[in-house]
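In case you want the letters, here they are:
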Amino acid sequence: MQQIDWIVLAGIILFLCLMPIVLARCVKDLFRHPGSAGSGGGVVGALGVLDRIVNPAGEHVQEAQEVEQEEDGIGGE
């Protein structure tokens, strides 16, 4: 085997040894703060953005149309 093969093999073995440790620490950290007030805020924001993308017939479209009409009214006078 060439030197690059040994390096790649060592990298793969190191990766396979470290990933379970990293995953276990992440899961442990998730359960460490179950009652924090700020948990889930990012998820709620992401769901709001996703709703705007997936559901274009929602209330935010009507609000945007009202703003456009107001801008047209102000600019046309």
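Cut-offs applied
Residues numbered from 1 in each chain as written. Predicted model: local features only at pLDDT ≥ 70, side-chain atom pairs only at ≥ 80, totals over all residues. Heavy atoms only, no water. Helix = DSSP H or I, 4+ residues; strand = E, 2+ residues; numbered from the N terminus. Areas by Shrake-Rupley, 256 points an atom, 1.4 Å probe, with all protein chains shown as cover. UniProt positions renumbered as here; feature names shortened; annotations may be inferred. Salt bridge = Lys/Arg side-chain N within 4 Å of Asp/Glu carboxyl O. pLDDT = per-residue confidence, 0-100. Expected span 1.5 Å × (residues − 1). Bend = angle between axes of the 7 residues up to and from the residue.

### Observations regarding the overall build of the protein
Alright, step 1. Across its full length, the protein holds 3 helices and 0 strands.
Alright, step 2. With the model as given, the accessible surface of the protein reaches about 7000 Å², and the carbon-plus-sulfur share is 65%.

### Overview of the UniProt feature "transmembrane region" (unreviewed entry) in the protein
Alright, step 1. This chain's UniProt record puts "transmembrane region" (unreviewed entry) on residues 6-24.
Alright, step 2. As a span, residues 6-24 carries 100% helix and 0% strand, and end to end its C-alpha atoms are 28 Å apart.

### Some remarks on the pattern of salt bridges
Alright, step 1. For the structure shown, the criterion picks out 1 salt bridge.
Alright, step 2. Note that Arg32 is salt-bridged to Asp29, the shortest N-O span being 3.7 Å. Taken as a pair, Arg32 and Asp29 lie in helix α1 (residues 3-32) at a separation of 3 residues, close to a single helical turn.

### Digging into the confidence of the model for the protein
Alright, step 1. Of all residues in the protein, 77% attain a pLDDT of 70 or more, and the chain-wide mean is 79.
Alright, step 2. At the low end of the mean pLDDT range in the protein sits helix α3 (residues 59-76), at 73; at the high end sits α1, at 93.

### Here we look at α1
An α-helical segment advances 3.6 residues per turn. Residues three or four places apart therefore align on the same side.
Alright, step 1. Given a rise of 1.5 Å per residue, 30 residues ought to cover 44 Å, and the 43 Å separating the end C-alpha atoms of α1 matches this to within 8%.
Alright, step 2. Along α1, the sharpest kink reaches roughly 25 degrees, centred on Leu18 and followed within four residues by the proline Pro20.

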